[in-house]
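Working through the structure, step by step
Chain by chain, the residues:
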Amino acid sequence: MSTPNITVTSPSTGSTVYWSNATSITWSSSYTSASFVKIEYSLNNGVSWTTIVNSTSMSTGSYSWTP
């Protein structure tokens with residue numbers, strides 16, 4: 001079984017996201033059998049994570065988030 005590869009294409013690492021403004025999170029993927037993706041972010045290099053959405057369709061390649 002191949003390992004899924006998902007790459008976030010936007011926003012890029014270190015980007016500023018402004019509260020109350022819609023932000024488009026986009027990704028590309030190669031081999032994945034997953035139908036859904038969980039989106040999270042970390043403000044401390046992965047020590048802890050905050051969930052943006054528990055489940056959104058993998059095939060869309062994007063999610064609109066308003067923090």
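No experiment lies behind these values; they were computed from the predicted model shown.

Parameters and conventions
- Residues numbered from 1 in each chain as written.
- Predicted model: local features only at pLDDT ≥ 70, side-chain atom pairs only at ≥ 80, totals over all residues.
- Heavy atoms only, no water.
- Core = buried A, V, L, I, M, F, W, Y, C linked by side-chain atoms within 4.5 Å.
- Buried < 20%, exposed > 50% of the residue type's maximum accessible area, 1.4 Å probe, protein only.
- Contact = heavy atoms within 4.5 Å.
- Phe/Tyr/Trp six-rings, centres within 6.5 Å; stacked < 30°, edge-to-face > 60°.
- Helix = DSSP H or I, 4+ residues; strand = E, 2+ residues; numbered from the N terminus.

1. A word on the nonpolar core
Within the largest apolar cluster, 8 residues are counted, these being Ile25, Trp27, Val37, Ile39, Ile52, Val53, Met58 and Trp65. Setting aside residues no more than four positions away along its own chain, Val37 makes contact with Ile6, Trp27, Asn54, Ser55, Thr56 and Met58.

2. Focus: the packing of aromatic side chains
The geometry of an aromatic ring pair is captured by two quantities: the separation of the ring centres and the angle between the planes. Following the criterion strictly, the structure yields 2 aromatic pairs and no others. Ring geometry for Trp19 versus Trp65: centroids 6.2 Å apart, planes at 80°, classification edge-to-face. Of the two residues, Trp19 sits in the loop between β1 (5–10) and β2 (23–30) while Trp65 sits in strand β5 (residues 62–65), which places them 46 residues apart along the sequence. Owing to a relative accessible area of 57%, Trp19 belongs among the exposed residues under this scheme. Considering the side-chain rings of Tyr41 and Trp65, the 5.6 Å spacing of their centres and the 40° angle between planes classify their relative orientation as tilted. Placement of the pair is Tyr41 in strand β3 (residues 36–41) and Trp65 in strand β5, with a sequence separation of 24 residues. On the basis of relative accessibility, which here comes to 22%, the residue Tyr41 falls in the partly exposed class. An aromatic cluster is built from Trp19, Tyr41 and Trp65, whose rings are joined through pairwise contacts.

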